Amino acid sequence: MIVSYDFGHGTGQDRGASGYRNEEHDCREYGVLVIKKLQALGHICYNCTPPASPALTLGQSLAYRVNKANYYGSQLHICMHVNAYKTDVATGCEVEYASNSGKTYADKVSAEISTALGLTNRGPKNQPGLYVLKYTKMTAILIEPFFCDNKSDCSKYNAEKLATAIVKGITGIDTSVVPKVTPKPAAQIAPKYDESIPQGVYQIPGTKGYIEPRTDGGLGIHLNRGNYIVIGKGFIDAYTNDNNGHGDHKRICG
Ligand SMILES: [Zn+2]
């Protein structure tokens, strides 16, 4: 699907929260991983975060995000934040939404974060007044994975685990499971052969081909040293070699 996203705050008068950890830093850290994982799963992702500009007001920062997301016409918009309240008072993860389809995502994403990081699940939270949720035209969620002013929450923060949980909540796919790859057999390199006709063979008149009695009692019928068939008692083997590294052999009969 087409996904648009923004990393919270980080420009002009739109500043993130700070406690034991820093919201602006962390939402960009785990957020980048979320987007990489979604892209690896084939989703098309558009960044709607405004560039850092000292002149930007809070209103302009928010409007930029909404206008870009609506411009791209995505199917899902993801706002990535980190929560804050009062030092060591509030704890846990929550995901905010403003529509029924948003609630479905919010419910799953919050539950996955809670399980993955061992955080209290505050669950989906209806926030119809939040600017980005209110004015984006597509399904939108705003992720608040933990409180940056709660020491215990911060000790549980792990960007990779968090990103994996968010992507699992959105797509149902666990990206921490590495798909099993069956190793391909190493290419067989066929040895080079001498193109001259060996001594002591019966050369077929008018050709470079020959018939060679073999020490194993069989008879080799050769185009040359690399391409021939061997007729034995009860079997026929075929050998091919283009003298350029590619060769094969197989029992064609017997
Ligand atoms: Zn925020």
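Owing to the predicted nature of the structure, the values given are computational and were not obtained by experimental measurement.

**A look at the domain arrangement of the protein**
When cut into domains, the protein gives domain 1 (2–171) and domain 2 (202–253). With centres defined by C-alpha atoms, the gap from domain 1 to domain 2 works out at 69 Å.

**Looking at the sheet that holds strand E9 (residues 219–222)**
Reading across from one edge, E7-E8-E9-E10-E11-E12 is the order of the six strands in this open sheet, with antiparallel pairing throughout. Strand pairing shows two members of the sheet lacking a second neighbour, strand E7 (202–203) and strand E12 (247–253), which therefore form its edges. Two elements, strand E11 (residues 235–241) and E12, share six bridges in a ladder whose sense is antiparallel. Each bridged residue has a counterpart across the sheet, and for Ala 238 the counterpart in E12 is Lys 250.

**Focus on the pairing of strand E8 (residues 210–213)**
Two strands pair when backbone bridges link them, and E7 and E8 are joined in this way by two bridges, in the antiparallel orientation. When the sheet's bridge partners are listed, Tyr 202 is paired in E8 with Ile 211. Two successive antiparallel strands, E7 and E8, enclose a turn made up of six residues, where Gly 206 displays a positive phi of approximately 80°. In the sheet, E8 pairs with E9 via four bridges, with the strands oriented antiparallel. In the sheet register, Pro 213 faces E9, and the bridge partner there is Leu 219.

**What about the environment of Gly 232?**
Inspection of the secondary structure puts Gly 232 in strand E10 (residues 228–232). With 22 residues separating them in the primary sequence, Gly 232 and Gly 254 have C-alpha atoms 9.2 Å apart. Look past the residues within four positions of Gly 232 in its chain and what remains in contact with it is Gly 217 and Gly 218.

**Examining the nonpolar core**
In terms of nonpolar packing, the biggest core is built from 42 residues, with Val 109, Ile 141, Ile 143 and Ile 166 touching the most fellow members. With six residues, the top contributor of residues to this core is helix H6 (residues 159–171).

**A short note on helix H3 (residues 100–117)**
One full turn of an α-helix is made of 3.6 residues, so residues set three or four places apart face in the same direction. With 18 residues, H3 ought to run about 26 Å at 1.5 Å a step, and its terminal C-alpha atoms sit 26 Å apart, in line with that. Every buried residue of H3 is listed here: Gly 102, Tyr 105, Ala 106, Lys 108, Val 109, Ser 110, Glu 112, Ile 113 and Ala 116. Tucked inside the fold, the buried residues of H3 contact strand E4 (93–97), strand E5 (121–126), strand E6 (139–144) and H6. Of the residues flanking the end of H3, it is Gly 118, one or two places downstream, whose phi is positive at about 70°.

**Comments concerning the sheet that holds E5**
Adjacent strands of a sheet form backbone hydrogen bonds with each other and so pair up, either parallel or antiparallel. Read from one edge to the other, the open sheet built from six strands follows the order E2-E1-E3-E6-E4-E5, with strand pairing classed as mixed. Looking along the sheet, the strands with just one partner apiece sit at the ends: strand E2 (44–47) and E5. Averaged over all pairs of adjacent strands, the angle between their axes in this sheet comes to 20°, without regard to strand direction. The pairing of E4 with E5 spans five bridges and is classified as parallel. Note on E5: the bridge partner recorded for Glu 94 is Gly 123. Against the sheet, helix H2 (residues 58–72) engages strand E1 (2–7), E2 and strand E3 (76–80), with an angle of about 170° to E1.

**Re H2**
Here H2 is 15 residues long and its end C-alpha atoms lie 22 Å apart, about the 21 Å a rise of 1.5 Å per residue gives. Those residues of H2 lying buried are Ser 61, Leu 62, Arg 65, Val 66 and Ala 69. Looking straight down H2, one finds that the buried residues subtend no more than 125° of arc, so they occupy a single side. In H2, those exposed residues whose orientation departs by more than 90 degrees from the buried face are Gly 59 and Tyr 71. In this structure, the buried side of H2 is in contact with E1, E3 and helix H4 (131–135).

Definitions and limits used
Residues numbered from 1 in each chain as written. Predicted model: local features only at pLDDT ≥ 70, side-chain atom pairs only at ≥ 80, totals over all residues. Domains from an automatic or database assignment. Pairing = 2+ DSSP bridges. Helix = DSSP H or I, 4+ residues; strand = E, 2+ residues; numbered from the N terminus. Contact = placed C-beta atoms within 7 Å. Core = buried A, V, L, I, M, F, W, Y, C linked by C-beta atoms within 7 Å. Buried ≥ 20, exposed ≤ 12 C-beta atoms within 10 Å, placed from the backbone. Expected span 1.5 Å × (residues − 1). Axes fitted to C-alpha atoms, helices over the stretch in contact; angles between N-to-C directions. Arc of directions from axis to C-beta.

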